[in-house]
Amino acid sequence: MGYMKSRLTAAQSVEIITDEMPETIEADHVRLRLATASICGTDMHYYRHFANAGFQLHYPVSLGHEACGIVDDPNGFPFEKGQLVAINPVIECGTCDKCLSGDINMCPTKRFPGSATTVPHIDGFFREYFDFPAKCLRTVKEGVDPDHLTFAEPLACSMHSVNRAGIGPGSKVLVTGCGPMGLLATVGAVAKGAEVHVTDLKQGAIDAARAVGATQGFVIGQDDMTSLSGIYDVVIEASGSPHGYNQALDCVRKQGVVAVLSLIQPTEVPINLHINTLKEINSIGSVLFTSEFDEAVSLIESGTVDFDALIAGRYPVSETQAACAFMASGEAVGKVLIKPPV
Ligand SMILES: [Zn+2]
Ligand SMILES: [Zn+2]
């Protein structure tokens, strides 16, 4: 069966090809047709550099690890053809100490689609058809919008940070940076009953955060933020900039938590680490998720979050290059979605 596939061949170069699906489906896999995928910051690093966080792609690969699909061939598993399923992209080994303790994100041999960290690379979801392990698929309630369900993976990542930071009812939280991860951290913290404030360079991004429950927003370089010093129980750093991290150190209260959700790139900017000491800050990192994937799917099923406010645009697979370029432009507020060919 021929199908449409996008793949990154070099930095900023996406080609569209017709590929053939294998005749037979691997024993533990299910065949899916793309319902909706979305572009992650990680995909953007690969798009810009053909590498991410020091990991170089060895050969062309389809990007995309955030998606939901329609079952095309259940291959003997208890799914129905035509059914919408959420896709957990983490293929953990299931047998190591980390997997057995539930920390699948720490599994040293886990595999991940559209990523240079998995060799040989596994093609991601920016293509019309793909096979994926049955154990990674979750059925969802009738009527869930696939354009919302594609948020399951990034929402799970943000909720892992929210959980590790101990955010609960009444927590006073600041999210620095309202890119997609900051917006989804806002969603996760609000769902836990926290009061959430946000910062960003753009008013439009702050408006999107307000649409999903933030009660105050501050435009960096425009609004006075001196009164925010030392008042938050938790600051989630989601801007990826060292300035955002320094702001987090300033805004967190004594003995509060700074949770780094972004991938702050190596920098020449001084980090005010002495504040970590003087305020006894608990600094935590967060990567992927563990049990939060199911938590995220449940939150999406609940229909209580306005994900439409977090969608910046929709592109068919054939226009993956344009979708990535739009995301790279910095003009997009929220997620850029990839849809199957019509
Ligand atoms: Zn992602
Ligand atoms: Zn493992």
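Here the structure is a predicted model, which is why all the values come from computation and not from measurement.

Chemist: An account of the overall build of the chain is requested, with residue identities and associated values reported.
Modeler: The secondary structure content of the chain amounts to 10 helices and 17 strands. Here the C-alpha radius of gyration of the chain, 20 Å, is about what a compact globule of 342 residues would show, namely 20 Å. Judged by the C-alpha coordinates and their principal axes, the chain covers about 60 × 35 × 35 Å. Taken over 342 residues, the chain has a buried fraction of 47%. The contacts of the chain with a sequence gap of at least 6 include a subset with a gap of at least 24, amounting to 66%.

Chemist: So, the sheet that holds strand 14 (residues 252-260): which residues are in play, and what are the values?
Modeler: One open sheet accounts for 6 strands, arranged 12-11-10-13-14-15; its pairing is parallel. The open sheet has two free edges, formed respectively by strand 12 (216-219) and strand 15 (282-285), since each of these has just one partner strand. Taking each pair of neighbouring strands and ignoring which way they run, the sheet shows an average axis angle of 20 degrees. Against the sheet, helix 5 (residues 180-191) makes contact with strand 10 (172-176), strand 11 (195-200) and strand 13 (232-237), and its axis sits at roughly 170 degrees relative to strand 11, the strand it touches most.

Chemist: Describe the nonpolar core, and please don't skip the residues or the numbers.
Modeler: The biggest cluster of nonpolar side chains holds 99 residues, and the ones touching the most others in it are Ala152, Val173 and Ile236. Ranked by residue count, the leading element in this core is helix 5, at 8 residues. Here this core gathers at least three residues from each of two domains, domain 1 (2-150 + 306-339) and domain 2 (158-285). Those residues in contact with Ala152 that sit more than four places away from it in its chain are Cys68, Ala86, Phe293, Ala296, Val297 and Ile300.

Chemist: Hey, could you go over the packing of helix 4 (residues 152-164) against helix 5 for me, with residue numbers and the actual values?
Modeler: Contact geometry for helix 4 and helix 5: axes closest at 8 Å, N-to-C directions at 60 degrees. Between helix 4 and helix 5, the angle falls in the class oblique. Crossing of helix 4 against helix 5: the hand is right-handed. Where helix 4 approaches helix 5, its residues Pro154, Leu155, Cys157, Ser158, Met159, Ser161 and Val162 are matched on the opposing element by Pro180, Met181, Leu184, Ala185, Val187, Gly188 and Ala189. Residue composition of the contact of helix 4 with helix 5, by class: 11 nonpolar, 3 polar and no charged.

Chemist: Residue-level account of the environment of Ser302, with values.
Modeler: By the element assignment, Ser302 lies in helix 9 (residues 292-302). C-alpha separation for the pair Ser302 and Lys141, spaced 161 residues apart in sequence, amounts to 9.2 Å.

Chemist: Now, about the domain arrangement of the chain: what can you tell me, with residues and values included?
Modeler: The domain architecture assigned to the chain consists of domain 1 (2-150 + 306-339) and domain 2 (158-285). With 8 residues of domain 1 in contact, the opposing surface of domain 2 contributes 10 residues. For the side of domain 1 that touches domain 2, the per-class residue count stands at 4 nonpolar, 2 polar and 2 charged.

Rules used in this analysis
In this numbering scheme, every chain counts its residues from 1 along its sequence in written order. Labels follow written order: the first chain is A, the first ligand is 1, and so on. Note on the predicted model: pLDDT of at least 70 is required for a residue's local features to be given, and 80 or more for side-chain atom pairs to be given and counted; whole-chain, interface and lining totals, by contrast, use all residues. Numbering of helices and strands runs from the N terminus; a helix is a DSSP stretch of H or I covering at least four residues, while a strand is a stretch of E covering at least two. Radius of gyration means the value over C-alpha atoms here, while the globule rule gives 2.2 Å times the residue count to the 0.38 power. The burial criterion counts other C-beta atoms lying within 10 Å of a residue's C-beta, which is placed from the backbone; the residue is buried at 20 or more, exposed at 12 or fewer, and partly exposed between these limits. What counts as a contact here is a pair of residues whose C-beta atoms, placed from the backbone, lie within 7 Å. At least two DSSP bridges between two strands are required for those strands to pair. Orientation is described by lines fitted to C-alpha atoms, with helices fitted over the stretch in contact, and by angles between N-to-C directions that extend from 0 to 180 degrees. What we call a nonpolar core is a set of buried Ala, Val, Leu, Ile, Met, Phe, Trp, Tyr and Cys residues whose membership is set by joining through C-beta atoms within 7 Å. Note: domain ranges come from an automatic or database domain assignment. To sort the angles, those under 35 degrees are grouped as roughly parallel, those over 145 as roughly antiparallel, those from 65 to 115 as roughly perpendicular, and the leftovers as oblique. The handedness criterion is simple: a crossing whose near helix is rotated anticlockwise from the far helix by less than a right angle is left-handed, and one whose near helix is rotated clockwise is right-handed. Residue polarity is assigned by list, with Asp, Glu, Lys and Arg as charged and Ala, Val, Leu, Ile, Met, Phe, Trp, Tyr, Cys and Pro as nonpolar; anything else, Gly included, falls into the polar class.

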